Amino acid sequence: MIFTVAIDGPAAAGKGTISRAVAEAFGFAHLDTGALYRAVGVKGGDPVLAAQSLMPEDLARDDLRTLGAGQAASRVAVIPEVRAALLDFQRRFARREGGAVLDGRDIGTVICPEAEVKLFVTASPEVRAGRRWLELGAEAGARSLAEVLAEVRERDDRDMNRADAPLRPAAEAVMLDTSDLAVTAAIDRAVAVVRARLDLLRG
Ligand code: C5P
């Protein structure tokens, strides 16, 4: 069965947690596409060459989740040749046999417009900055919550206003605002949307 769940949204909205839970609930494969851009961003050198020669070990680095890696990712993500180099791998992953969940910024709009389910996960910038600040722990210790909020806003701005594949919901995306939702409630809603679509397709 080919079945793609596209989960897009801004930084720290809860996409990763929801995606992993949906993949586990249905036995689908999961790809965190932000990790590809983070790996290109931290690799250094020419970002286009880095994207064209990305290796599995680049994705296993333990510094991919830092604030710096997030900023580096959003800087290389504006380069069309970088996006082009990562396109095929993501498309093939999306349409693999057995079902796939991909989370990112442009999955429902560019990578897999034919996705069977499209979710757009959001939360207010303040809520997202608070989550990121807690998640970063020691690294964030050196930064105030206000500084993390400023970085979240800067990254939103860059992701939403770039010319190539800007962050925006697909026309038919189901919106999921997690600002006031417990993690379990957000996961339940996402799982329910996927289940309804699967039931419909299976008749
Ligand atoms: O989701 P994550 O915070 O790991 O993404 C890091 C950055 O990578 C984003 O801010 C965005 O600029 C870029 N990205 C993208 N398209 C994707 C996934 C991530 O442009 N599909």
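This text gives an overview of the structure that appears in the document. Remember, it's a predicted structure, so these values are computed and weren't measured experimentally. All residue numbers refer to positions counted from 1 along the written sequence of the respective chain. Given that this is a predicted model, residues contribute local features only at a pLDDT of at least 70 and side-chain atom pairs are listed and counted only at 80 or more, while totals for whole chains, interfaces and linings are drawn from all residues. Note that water and hydrogens are dropped before the side-chain values are worked out from all heavy atoms of the structure.

### Some remarks on the site of the ligand
And then number 1: Only a single heavy atom is needed: when it lies within 4 Å of a molecule or strand, its residue is near that molecule or strand. Around the ligand, 16 residues are found, and the nearest of them are R38, R83, R155, D159 and R162.
And then number 2: At 2.8 Å from an oxygen atom of the ligand is found a side-chain nitrogen or oxygen belonging to R83.
And then number 3: Polar contacts here mean pairs of N or O atoms no more than 3.5 Å apart (in protein, one a potential hydrogen donor and the other a potential acceptor; neighbouring residues in sequence count only if both atoms are side-chain atoms). The side chain of R155 places a nitrogen or oxygen atom 2.7 Å from an oxygen atom of the ligand.
And then number 4: Using a 1.4 Å probe, accessible areas were evaluated by the Shrake-Rupley method; residue-level cover was limited to the displayed protein chains. Out of a free accessible area of 450 Å², the ligand has 98% covered by protein chains.
And then number 5: Each helix corresponds to a stretch of at least 4 residues labelled H or I by DSSP, and each strand to a stretch of at least 2 residues labelled E; elements are numbered beginning at the N terminus. Secondary-structure elements contributing two or more residues to the shell around the ligand are helix 2 (33-43), helix 4 (67-76) and helix 9 (145-161).
And then number 6: In terms of residues, the shell around the ligand owes the most to one element, helix 2, which gives four residues.
And then number 7: Residues were grouped as follows: Ala, Val, Leu, Ile, Met, Phe, Trp, Tyr, Cys and Pro as nonpolar; Asp, Glu, Lys and Arg as charged; and all remaining residues, including Gly, as polar. Residues that form the shell around the ligand fall into these classes: three nonpolar, four polar and nine charged.

### Brief notes about the pattern of salt bridges
And then number 1: Here, a salt bridge means any side-chain nitrogen of Lys or Arg that lies within 4 Å of a carboxyl oxygen of Asp or Glu. Under the counting rule described, the total for this entry stands at 14 salt bridges.
And then number 2: The salt bridge involving R132 is made with E135; its shortest N-O contact spans 3.4 Å. Taken together, the positions of R132 and E135, both in helix 7 (residues 125-136) and three residues apart, correspond to about one turn of that helix.
And then number 3: A salt bridge links R143 to E151; the nearest nitrogen and oxygen atoms lie 2.7 Å apart.
And then number 4: Each residue is placed in one exposure class: buried if its accessible area under a 1.4 Å probe, protein chains only, is under 20% of its type's maximum, exposed if it is over 50%, and partly exposed if it falls in between. Taking the relative accessible area as the measure of exposure, R143 reaches 29% and is therefore partly exposed.

### Here's the deal with the pairing of strand 3 (residues 100-104)
And then number 1: For strand 3, a buried count of five out of five residues is recorded, marking the element as mostly surrounded by other parts of the structure.
And then number 2: Every second residue of strand 3 is oriented toward a common face, with A100, L102 and G104 on one face and V101 and D103 on the other, all of them buried.
And then number 3: If DSSP finds at least two bridges between two strands, the strands pair. Taken together, the five bridges between strand 1 (residues 4-8) and strand 3 define a ladder with parallel strand orientation. Bridge assignment links V5 to a residue of strand 3, and that residue is V101.

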